[in-house]
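This is what each chain is made of:
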Amino acid sequence: KAAIKTPVGVGSFGSLTGQLTELQADIDYHEANYLQAGTYINQGLGWAGDMFRGSPAGRKRVLIIITDGAIKDDDKLVSARATLNQESVEVFGVVLRRQA
């Protein structure tokens, strides 16, 4: 299954540009169209592993995971984490919650 990208002309269309305005447009789009409770993270970690595998040697590899804290597929994370370790990826997690 392909990654969920914003439509052409909205945000970064799934590319990592680093432009704040594109990132905000991506966030706005996904909040409006895909916001739900729970995070399925395993497939995303696999895609990240593929991305890092293709990145230039010698580059620092850092992955920041943003989640609501309700990971739905935690039983599958051991192998995904092993792949990221093999690629020398430092992983940081950020849990976001709305305040009532």
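As the structure is a prediction and not an experimental result, all values here were calculated from the model. (Residues numbered from 1 in each chain as written. Predicted model: local features only at pLDDT ≥ 70, side-chain atom pairs only at ≥ 80, totals over all residues. Heavy atoms only, no water.)

### Considerations on helix α2 (residues 42-53)
What counts is decided by this rule: Secondary structure elements follow DSSP: runs of H or I of four or more residues count as helices, runs of E of two or more count as strands, with numbering from the N terminus. To estimate how far a helix should reach, multiply one less than its number of residues by 1.5 Å. Working definition: with a 1.4 Å probe on protein chains only, accessible area under 20% of the residue-type maximum means buried, over 50% means exposed, and in between means partly exposed. Note that the arc is computed from the directions linking the helix axis to the C-beta atoms. By definition in these notes, contact holds between two residues if any of their heavy atoms fall within 4.5 Å.
Between its first and last C-alpha atoms α2 spans 17 Å; for 12 residues at 1.5 Å apiece the expected length is 16 Å, and the two agree. All of the buried residues in α2 are Leu-45, Ala-48, Gly-49 and Phe-52. For α2, the buried positions fall inside an angular range of 105 degrees around the axis, keeping them on one side. Along its buried surface, α2 packs onto β1 (62-67) and α3 (77-86).

### Thoughts on the nonpolar core
How we decide: Note on terminology: a nonpolar core comprises buried Ala, Val, Leu, Ile, Met, Phe, Trp, Tyr and Cys residues joined through side-chain atoms within 4.5 Å.
Ile-41, Leu-45, Ala-48, Phe-52, Leu-63, Ile-65, Leu-77, Ala-80, Leu-84 and Val-89 form the largest nonpolar core, which has 10 residues in total. Every element with two or more residues in this core is listed here: α2, β1 and α3.

### A look at α3
By the burial criterion, the buried members of α3 are Leu-77, Ala-80 and Leu-84. Down the axis of α3, the buried set is contained in an arc of 65 degrees. They therefore lie on one face. Exposed side chains of α3 directed beyond 90 degrees from the buried face belong to Val-78, Ser-79 and Gln-86. Against the buried residues of α3 lie α2, β1 and β2 (90-95).

### A few points about the pattern of salt bridges
Short version of the rule: Salt bridge, as used here, is a side-chain nitrogen of Lys or Arg placed within 4 Å of a carboxyl oxygen of Asp or Glu.
In this structure the tally under the stated criterion is four salt bridges. Asp-50 serves as the salt-bridge partner of Arg-53, at 2.7 Å between the closest nitrogen and oxygen. Within this pair, Arg-53 and its partner Asp-50 are both found in helix α2, separated by three residues, close to a single helical turn. Arg-61 is paired through a salt bridge with Glu-87; the nearest N and O atoms lie 3.0 Å apart. In this pair, Arg-61 sits in the loop between α2 and β1 while Glu-87 sits in the loop between α3 and β2, placing the two residues 26 residues apart along the sequence. Summarising the burial analysis for this pair, Arg-61 and Glu-87 share the class buried.

### Looking at unusual backbone geometry
With phi around 60 degrees, Ser-88 is a residue other than glycine that occupies positive phi space. Among the structural elements, Ser-88 can be located in the loop between α3 and β2. In this structure Ser-88 comes out as exposed when scored by relative accessible area, which is 58%.

### A short note on the environment of Val-91
Locating Val-91 in the fold gives a position in strand β2. On the basis of relative accessibility, which here comes to 29%, the residue Val-91 falls in the partly exposed class. A sequence separation of 28 residues divides Val-91 from Leu-63, and the C-alpha atoms of the two residues are 4.8 Å apart. Non-local contacts of Val-91, meaning those with residues more than four positions away in its chain, are made with Leu-63, Ile-65, Arg-81 and Leu-84.

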